[in-house]
Amino acid sequence: MKKILITLLSLVSLVSYSQKIPCIEYPLYSDIWTHECGTNGIQKLLPKDNKSFSLTNSYFVDNVDERKVESYLLECLNEFRADYGKGPVKESKWLTKISEIYAKKLSNSTFKHDKLKKFGVDMKENIAGYMALTFSHLTVEDGDLNKIIADAYFDIYVSSKHHMEMLLCDNQYFGFGLVIKESGKMYGVVRCSSKSKNK
């Protein structure tokens, strides 16, 4: 049974909210994951360097700090954009606030996009859900776990053309929401706009 579970975990599929799209549009520059296409066109995340996902996750549980992950998100987004030849962006406190609120809502209700028109500004949104077990192969030798998770917050969208267009768009302002549940489920919301707040 354990072998079966480990095999299943080694083929963890992307759980971002998206329509069916061709796989793979962009290279993945992750330090911890590689990816391949499944038969249904959905990206499968796999551990890099021939490691494997594990059923034990004590290193993650003992070292993850949601606030520290959040503190890295702007830096990681700008590093992510630089990998694809795009310039840096700024964080909007307003976009982050409404993204945090929606990430909490996602973690407690139906997983779907928000109705963005209610905010009165042109805005784009990415949402994703993923499992802490996709980090279970990491150890202290891999580096700062919280920075790695912040990097992965954007890497998880790489197989989706529409999600990547949002992350690499010319909008100047971004906001981030993140929830890490005790169950090991993680929820992320990324929003961008040409305006830093609604007026």
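K.L.:
How would you sum up the overall build of the protein chain? Please name residues and give values.
P.N.:
Regarding its fold elements, the protein chain presents 6 helices and 7 strands. When the helices and strands of the protein chain are placed in sequence order, the string is α-β-β-β-α-α-β-α-β-α-α-β-β. Residues counted as buried form 48% of the 199 residues belonging to the protein chain. Partitioning the contacts of the protein chain with sequence separation of at least 6, the portion at a separation of at least 24 is 71%. For the protein chain, the accessible area works out to roughly 10,600 Å², and carbon and sulfur atoms hold 52% of it.

K.L.:
So what's going on with the sheet that holds strand 5 (residues 123–131)? Which residues, and what values?
P.N.:
Strands in a sheet are paired, the pairing made by backbone hydrogen bonds, and the direction either parallel or antiparallel. Taken together, the 4 strands give an open sheet; going across it, the order is 4-6-7-5, and neighbouring strands pair in mixed fashion. Edge positions in the open sheet fall to strand 4 (90–91) and strand 5, since each of these has one partner strand only. As defined by bridge partners, strand 6 (residues 173–180) adjoins strand 7 (residues 185–193) across 8 bridges and the pair is classed as antiparallel. Among the inter-strand pairings, Y173 is bridged to a residue of strand 7, identified as S193. Each of strand 4 and strand 6 is contacted by helix 3 (residues 66–83), which is oriented at about 140° to strand 6, the strand it contacts most. Relative to the sheet, helix 4 (residues 93–108) contacts strand 4, strand 5, strand 6 and strand 7, its axis offset from that of strand 6 by approximately 30°.

K.L.:
Quick rundown of helix 3? Include the residues and the values.
P.N.:
When the terminal C-alpha atoms of helix 3 are compared, their 25 Å separation across 18 residues agrees well with the 26 Å that a helix rising 1.5 Å per residue should span. The largest bend along helix 3 reaches roughly 45° and is located at L73. Taken together, the buried positions of helix 3 are V69, E70, L73, C76, L77, N78, F80 and R81. Against the buried residues of helix 3 lie helix 4, helix 5 (145–155), helix 6 (161–167) and strand 6. The N-capping residue of helix 3, defined by a side-chain oxygen 3.0 Å from the backbone nitrogen of R67, is D65. Backbone geometry just after helix 3 places G85 at a positive phi near 80°.

K.L.:
Give me the packing of helix 3 against helix 5: which residues, what numbers.
P.N.:
With their axes 8 Å apart at the nearest point, helix 3 and helix 5 run at an angle of 50° to one another. Here helix 3 is positioned oblique relative to helix 5, judged by the angle of their axes. Seen along the crossing, helix 3 lies across helix 5 with a hand that is right-handed. Only N146, K147, I149, A150, D151, Y153, F154 and D155 of helix 5 make contact with helix 3, whose side of the interface consists of K68, V69, Y72, L73, E75, C76, L77, E79 and F80. Across the contact of helix 3 with helix 5, the residue classes break down as 10 nonpolar, 1 polar and 6 charged.

K.L.:
Explain the nonpolar core to me, using residue names and the numbers behind them.
P.N.:
With 40 residues, the main nonpolar core has W33, F135, F154, L167, F174 and V190 as its most contacted residues. Listed by contribution, the elements that provide at least two residues to this core are helix 3, strand 5, helix 5, helix 6, strand 6 and strand 7. Looking at which element gives the most residues to this core, the answer is helix 5, with 7 residues. Of all hydrophobic cores here, the second largest spans 8 residues; its members include W94, I98, L116 and F119.

K.L.:
So what's going on with the packing of aromatic side chains? Which residues, and what values?
P.N.:
For any two aromatic rings, the description comes down to two numbers: the centre-to-centre distance and the angle of the planes. This structure, assessed with the given rule, holds 12 aromatic pairs. Seen in terms of ring centroids, Y26 and Y84 are 6.0 Å apart; in terms of plane orientation they differ by 85°. Their pairing is edge-to-face. Taken together, the positions of Y26 in the loop between strand 1 (12–13) and strand 2 (33–37) and Y84 in the loop between helix 3 and strand 4 put the pair 58 residues apart, joining distant regions of the chain. Ring plane angle 45° and centroid distance 6.4 Å describe the contact between F111 and Y187, whose orientation is recorded as tilted. Note that F111 is positioned in the loop between helix 4 and strand 5 and Y187 in strand 7, a separation of 76 residues in sequence. With a relative accessible area of 25%, F111 lands in the partly exposed category.

Analysis parameters
- Residues numbered from 1 in each chain as written.
- Predicted model: local features only at pLDDT ≥ 70, side-chain atom pairs only at ≥ 80, totals over all residues.
- Heavy atoms only, no water.
- Helix = DSSP H or I, 4+ residues; strand = E, 2+ residues; numbered from the N terminus.
- Buried < 20%, exposed > 50% of the residue type's maximum accessible area, 1.4 Å probe, protein only.
- Contact = heavy atoms within 4.5 Å.
- Areas by Shrake-Rupley, 256 points an atom, 1.4 Å probe, with all protein chains shown as cover.
- Pairing = 2+ DSSP bridges.
- Axes fitted to C-alpha atoms, helices over the stretch in contact; angles between N-to-C directions.
- Expected span 1.5 Å × (residues − 1).
- Bend = angle between axes of the 7 residues up to and from the residue.
- Polar contact = N/O pair within 3.5 Å; in protein donor to acceptor, adjacent residues only side chain to side chain.
- Parallel < 35°, antiparallel > 145°, perpendicular 65-115°, else oblique.
- Left-handed = near helix turned anticlockwise from the far one by under 90°.
- Nonpolar A, V, L, I, M, F, W, Y, C, P; charged D, E, K, R; others polar.
- Core = buried A, V, L, I, M, F, W, Y, C linked by side-chain atoms within 4.5 Å.
- Phe/Tyr/Trp six-rings, centres within 6.5 Å; stacked < 30°, edge-to-face > 60°.

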